[in-house]
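Structural overview
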Amino acid sequence: MDGERLSVYLRSLEQEEDGLLSEIAKEAAASFVPIIKKETGSFLRTLIAMKRPRRILEVGTATGYSALLMSSVMPEGCTITTIEKYEKRIPVAREHFRRAGKESVITLLPGDAAELLDTLPPFFDFVFMDAAKGQYLSFLPRVLRLLSSGGVLVSDNVLQGGDLLESRFAVARRNRTIHARMREYLYVLKHTEGLQTAVVPVGDGVTVSVKTEETDGEPGAGNERGSGRQV
Ligand code: SAM
């Protein structure tokens, strides 16, 4: 099946977005701010509607598109905490939350997730990981500490527009570290006891992991590659 044609077709099925979301998406495209693809947004909305979380954590706000999208389907009483470190994007996202009237339910934490994740109190029952791809692996144990039992972790861009399928030698030299780290990330997600993970080829590739029991994000003992390895 031709992946590009499939994406075009799937995108054609999507409904028009509400005014502000559509404006943010256009702004993002014009200023090269990377945001989730339309079909990924639709998938995320469906997962939120299904899970009905009480507390959502997002790593990587950008200008607030995905946070607002999630807020449009989350249940009454649910809150979103979202982390962004790029100073220029923080006031823009805050202004979008204000315009949407969502300031009281979406809290933006400015700063580096590498530091902030360790300061947050558990538990979140839905985490959307959408920050620097090379950091997913090191964020994983911290995110799993914050995730409740039965909680869902969704990570975006895991297939890197198809690059992940290529051998490391076919990937541009500058992308090889990320390529290796992302392969490792997928391996760990699939081999950690207490995590049930599916890799879904929607958009740039998404993983959906459910925390079925307490886990520290180390690949379970009993598999050669993983045993005893620190994530
Ligand atoms: N989720 C957003 C959306 O779809 O609207 C897009 C997020 S964009 C792909 C990734 C964002 O993560 C960027 O704005 C980047 O500055 C931020 N980021 C990357 N590494 C980060 C880190 N360590 N801590 C906090 N933010 C980070």
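Throughout what follows, the structure given in this document is the object of discussion. (Residues numbered from 1 in each chain as written. Predicted model: local features only at pLDDT ≥ 70, side-chain atom pairs only at ≥ 80, totals over all residues. Heavy atoms only, no water.)

1. Notes on the packing of helix α7 (residues 136-146) against helix α8 (residues 176-191)
The description of two packed helices rests on the angle between their axes and on the distance between the axes. It is at 9 Å that the axes of α7 and α8 come closest, and there the two elements cross at 30°. Between α7 and α8, the crossing angle belongs to the class labelled roughly parallel. Together, Tyr136, Leu137 and Leu140 of α7 and Arg181, Met182, Glu184, Tyr185, Val188 and Leu189 of α8 make up the contact between the two elements. Of the residues that constitute the contact of α7 with α8, the class distribution is seven nonpolar, no polar and two charged. (Axes fitted to C-alpha atoms, helices over the stretch in contact; angles between N-to-C directions. Helix = DSSP H or I, 4+ residues; strand = E, 2+ residues; numbered from the N terminus. Parallel < 35°, antiparallel > 145°, perpendicular 65-115°, else oblique. Contact = heavy atoms within 4.5 Å. Nonpolar A, V, L, I, M, F, W, Y, C, P; charged D, E, K, R; others polar.)

2. Let's talk about a nonpolar patch on the surface
A contiguous nonpolar patch, built from Leu6, Tyr9, Leu10 and Leu13 and spanning about 370 Å² of accessible area, is present on the exposed surface. Structurally, Leu13 can be placed in helix α1 (residues 3-13). According to the relative accessible area criterion, Leu13 is exposed, its value standing at 54%. (Patch = residues over 30% accessible without salt bridge, like charges linked within 9 Å, V, L, I, M, F, W, Y side chains within 5 Å. Areas by Shrake-Rupley, 256 points an atom, 1.4 Å probe, with all protein chains shown as cover. Salt bridge = Lys/Arg side-chain N within 4 Å of Asp/Glu carboxyl O. Buried < 20%, exposed > 50% of the residue type's maximum accessible area, 1.4 Å probe, protein only.)

3. Focus on the pattern of salt bridges
Across all of its chains, the model carries five salt bridges by this definition. Put simply, Glu23 and Arg99 hold a salt bridge, and the shortest N to O gap is 2.9 Å. Of this pair, Glu23 sits in helix α2 (residues 19-30) while Arg99 sits in helix α5 (residues 89-99); the two residues are 76 residues apart in sequence, bridging distant segments of the chain. For Glu23, a relative accessible area of 33% gives the class partly exposed.

4. Overview of the packing of aromatic side chains
Counted under the stated rule, the structure contains one aromatic pair. Residues Tyr136 and Tyr185 carry aromatic rings whose centres are separated by 5.3 Å and whose planes lie at 65° to one another, so their mutual orientation is edge-to-face. One end of the pair, Tyr136, is in helix α7; the other, Tyr185, is in helix α8, with 49 residues separating them in the sequence. When sorted by exposure, Tyr136 lands in the same class as Tyr185, which is buried. Cation over ring: Arg55 sits above Phe124, and NZ or CZ is 4.0 Å from the ring centre. (Phe/Tyr/Trp six-rings, centres within 6.5 Å; stacked < 30°, edge-to-face > 60°. Lys NZ or Arg CZ within 6 Å of the ring centre and 35° of its normal.)

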